[in-house]
Amino acid sequence: MSFSRAKPIDDLYNEVAEYDLVIVPDAPLASALNRRIDRPHLGSFAITPRRLAAGRREAAEDRIAFLELVEQTDLDWKRSAYAIGNILQCWEHQGRLEAILDYEAYVGDATRQAVSYIDELDTTSQRLTDYRITAEQDVAVVGYDQLTQLERSILPDEYDTYDTFDTREFDRPPFHIFDSATAIVETVVDAVTEENADDVAVVLDQESEFSALIESALEASDIPFYGGPGFIDNPDHRTFVQLLRAAHGGTDTRVSEIRPLLARLDISLDIEHDEKRLYEIDDAELDWIVDFCDQIEAHTFTEALNRFEDRVGRDLDTFRAELETLGIDDSPATEPAVDQLIFYLQSYEVPIDRENEGVLLADAKSAAYVDRPVVFYLGLSDDWSHSAPRRPWVDQDAQYTRNIKQFQLLLQSGTTQYYLVQDAKGGSTVTPCLYFEELLDEEFERFSDLDSETHTRRFDRSGTGFENEPTDITTTDVSTISQSSLGTYVNSPRDHFFSRLVESPDKDYFKEGNLFHDFAEFYVHHPDFVDATVIDDVVEYMLTKTKPFVRAVDEATRRTKYRAGIETIIGFFEEHTPVDGEFLTTTSDWGTNVFAERFDRPVDSPTTERWFENDELGLKGKIDLVQSQSQLVDHKSGGRKRASQVVKDAALDPPSDSPNFQALLYLTHWRSEYPDQQLEFTFFHFLETLDDVVAGEGDLQDTLTTVTYYPMPFEEYARSEEFFHELVEEGSNNCQKTLSQVDYGDYAAVFAETDLPETTDSDELISSAFGHTLIARMKDRVGDYKYVESGCKQAIRQLTRVRGKTYFKGDLDAFEAFVDERLTELNHRRAGTERFPVAGLRGEPNYRYVDNRDLLLEGGQ
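Let me begin by describing the structure that accompanies this report.

Cut-offs and rules
Residues numbered from 1 in each chain as written. Predicted model: local features only at pLDDT ≥ 70, side-chain atom pairs only at ≥ 80, totals over all residues. Heavy atoms only, no water. Salt bridge = Lys/Arg side-chain N within 4 Å of Asp/Glu carboxyl O. Helix = DSSP H or I, 4+ residues; strand = E, 2+ residues; numbered from the N terminus. Buried < 20%, exposed > 50% of the residue type's maximum accessible area, 1.4 Å probe, protein only. Pairing = 2+ DSSP bridges. Axes fitted to C-alpha atoms, helices over the stretch in contact; angles between N-to-C directions. Contact = heavy atoms within 4.5 Å. Parallel < 35°, antiparallel > 145°, perpendicular 65-115°, else oblique. Left-handed = near helix turned anticlockwise from the far one by under 90°.

Quick word on the pattern of salt bridges
- Under the counting rule described, the total for this entry stands at 44 salt bridges.
- The residue Glu209 makes a salt bridge to Lys425 at a minimum N-O spacing of 2.8 Å. Taken together, the residues span a long stretch of sequence, with Glu209 in helix H10 (residues 209-220) and Lys425 in strand S13 (residues 424-425) at a distance of 216 residues.
- Look at Glu209 and you get partly exposed, because its relative accessible area is 35%.
- Of the charged contacts in the structure, one is a salt bridge between Asp746 and Arg781, with a shortest N-O distance of 3.0 Å.

The following block contains the structure:
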């Protein structure tokens with residue numbers, strides 16, 4: 001659980017205090033040692049090699065070299081950056097500028113030109129190359145292994161080395177596990193005040209979500225901080241870049257893709273528009289951004305920036321200066337030019353002036369030491385691991401040693417350390433930083449496997465630790481549930497919970513499905529009115545309503561799809577004319593029908609869009625069509641499933657990994673209306689035969705899946721004379737041959753002698769006492785022939801096939817009890833007695849059917 005302790009700064013200072021010069025690998029460590037000087041000292045005491053050689057604050061030489069190269073040559077920006085990165089890295093690890101030329105695979109025209117230009121620049125690496133510490137100075141080196149070859153080149157022939165670790169062990173504090181990144185950030189902000197901000201540091205991966213969250217939270221709390229946000233992190237800079245990118249996104253840009261941009265421009269759109277194309281939304285709030293995007297090719301970068309400044313009411317002088325530095329301020333803001341600008345801003349850190357006051361935000365991959373009394377470490381995941389450069393000039397083992405020692409030192413910065421982590425994120429386990437495998441002598445896969453404490457509420461800044469904050473809530477019981485909500489709840493109660501809280505955007509398939517449903521309802525009421533002209537009008541209307549979701553290139557395909565779907569719907573109702581519905585009671589109107597309004601004709605039949613809310617059974621839903629007193633129909637735009645798959649997906653013990661209870665739920669409700677009647681539920685998949693309809697070969701039967709309910713136990717049905725004759729007439733060859741030679745009484749006698757097992761496994765049924773009895777009796781009546789045994793097995797397999805695609809009285813009875821249990825459980829959780837778990841009845845959710853994946857954590861969290 002422990003690892004080597006870093007030497008306290010005071011101890012380290014005492015060891016090197018008498019030297020003239022102390023070389024250290026990290027600037028914060030140098031500053032900490034310098035603050036402890038207790039005697040007069042001329043010149044530098046503790047200092048990094050680069051600061052010593054440069055005689056000034058280090059400049060970002062990669063950016064300086066890049067700007068020089070793009071100004072002096074016509075080289076592509078990406079090629080220039082690639083060459084410069086290789087040159088400087090090779091120089092760092094090999095100690096000389098021309099070392100890159102020894103590696104032919106990395107040498108090209110860009111590399112040679114870059115070497116010649118860099119050789120003329122006043123860079124820190126060049127000063128390091130030329131600099132040597134004089135022999136007259138008494139030199140100490142702290143952390144020699146952490147220095148690169150170029151940094152070591154300045155050392156004199158004689159010097160003393162000191163390790164940054166001692167022989168004692170560092171007693172690592174526990175990991176504090178939180179539900180979310182937001183909870184972690186809240187904990188930090190609650191513990192920091194404006195008065196103690198100078199005593200606090202926060203270490204995080206600058207590219208993680210923590211970076212933006214902590215900056216926003218500190219800013220909102222008026223707590224000063226520095227070291228975190230860079231040039232491109234400035235909200236206005238970032239927004240302008242997002243705007244330039246969106247301007248070249250094309251007409252297929254979706255609102256969801258530019259949500260952050262819209263928010264920064266104070267443009268508010270309902271979430272229902274997220275999946276729609278920006279250019280197809282008729283909203284005055286979008287006029288400015290659409291106009292900007294339309295005219296981007298005609299603007300230079302400066303002109304585009306001017307328009308943006310006018311919009312936000314602020315000047316972006318530093319961004320304007322950087323455009324001038326790059327020499328593109330008066331260049332057209334074309335897509336290639338915007339791509340180049342974005343590449344530059346992502347590759348290089350533009351220097352900005354900072355106020356060095358308040359909370360210090362340190363990047364986990366850059367810092368090796370943080371000199372603050374209290375240090376919070378956020379995340380500590382595998383994102384903290386360095387990606388060692390895979391280049392032939394890099395000693396991988398030496399680099400890994402440098403990285404892990406830096407990490408080991410970083411973990412011990414400050415007097416008090418807090419490791420704030422997540423155990424899971426978005427339904428997946430958070431992997432701890434790989435360096436822990438080297439430092440900790442124990443096996444683990446996640447933070448909770450190590451010494452840790454789990455927190456679900458905020459940190460108490462009074463100093464008493466972490467505490468829970470109770471809340472007082474009042475809830476109402478749910479009395480009915482729909483098939484979709486039940487399926488979501490069974491798959492993941494937590495996902496069901498969030499689906500009640502979080503709005504979802506409109507989807508193209510929802511919009512299409514609703515339009516097809518409205519047309520089907522309209523056609524049932526007015527079949528004689530719908531002619532070729534009306535069909536054309538309906539198709540064009542559907543295209544208009546779905547246009548925001550559909551790419552222009554897909555319009556012709558959609559037109560064909562809509563026409564084929566409508567023609568299939570018409571064909572279905574021509575062959576299956578619904579009954580008049582006199583057996584039904586009148587129901588109040590369910591919503592509106594767009595085609596009824598469009599053609600000014602009523603849709604008031606009780607057979608269509610029939611809403612039910614069965615309080616006694618706890619069920620609710622909407623029946624698309626009551627075909628007859630014994631048959632319900634549901635229109636589906638999705639892919640067709642077999643009856644056996646429908647029944648399988650509605651399994652109760654255990655549930656399916658893709659739960660869908662629609663047929664079972666609707667039949668259960670309808671049984672309560674007509675308890676002793678055989679019922680059918682038909683799925684009409686009107687787009688299933690799309691390709692065939694286009695080719696003029698559609699078969700309506702290929703669109704239908706029917707599930708039948710028999711108001712009797714399965715065993716009663718299986719032993720019935722009706723089913724016996726079905727086996728004789730429709731069974732497989734040997735089944736027909738065998739059973740045609742016996743009477744129904746011989747068949748029924750098997751059921752009288754032996755109970756039928758509760759199983760849908762044909763092999764299990766064949767090997768059961770029932771199977772042996774059936775085979776024995778048929779052989780006794782027909783003869784001991786192979787085809788008799790084969791025929792009996794075929795009959796049993798037919799029996800299990802029927803069982804697997806049909807509902808019987810016991811199935812609906814079990815479902816009623818199942819719904820009661822789920823509603824009791826649901827209301828128990830809604831009342832706050834227990835949390836909504838992520839795992840459903842089957843265990844881990846099927847994430848293909850989860851709508852709020854990012855909101856789900858694993859395990860008991």
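So that's the structure; there's more coming.
A few points about the sheet that holds strand S19 (residues 619-628)
- If you trace the six strands from one edge of the open sheet to the other, you get S18-S19-S20-S21-S22-S23, paired in mixed fashion. Each edge of the open sheet is held by one strand with a lone partner, namely strand S18 (608-614) and strand S23 (806-808). For this sheet, the mean inter-axis angle between neighbouring strands, taken without regard to orientation, is 35°.
- With three bridges joining them, strand S22 (residues 704-710) and S23 adopt parallel strand pairing. Within S23, the position partnered with Tyr709 by the bridge is Tyr807.
- The strands that helix H34 (residues 786-805) touches are S22 and S23; relative to S23, the one it contacts most, it runs at about 80°.

Focus on unusual backbone geometry
- Residue Pro654 is reached from Asp653 by a cis peptide bond, and omega for that bond is -5°.
- Inspection of the secondary structure assignment puts Pro654 in the loop between helix H25 (643-649) and helix H26 (662-673).
- One non-glycine residue, Asp222, adopts positive backbone phi at about 60°.
- On the secondary structure map, Asp222 appears in the loop between H10 and strand S9 (225-226).
- At Leu380, a residue that is not glycine, the phi angle is positive and equals roughly 55°.

As for the packing of helix H29 (residues 721-730) against H34
- Contact geometry for H29 and H34: axes closest at 11 Å, N-to-C directions at 120°. Taken together, the axes of H29 and H34 are oblique relative to one another. Seen from above, H29 lies across H34 with right-handed handedness. Contacts between H29 and H34 involve Phe723, Glu726 and Leu727 from the first element and Ala795, Gln798, Leu799 and Val802 from the second.

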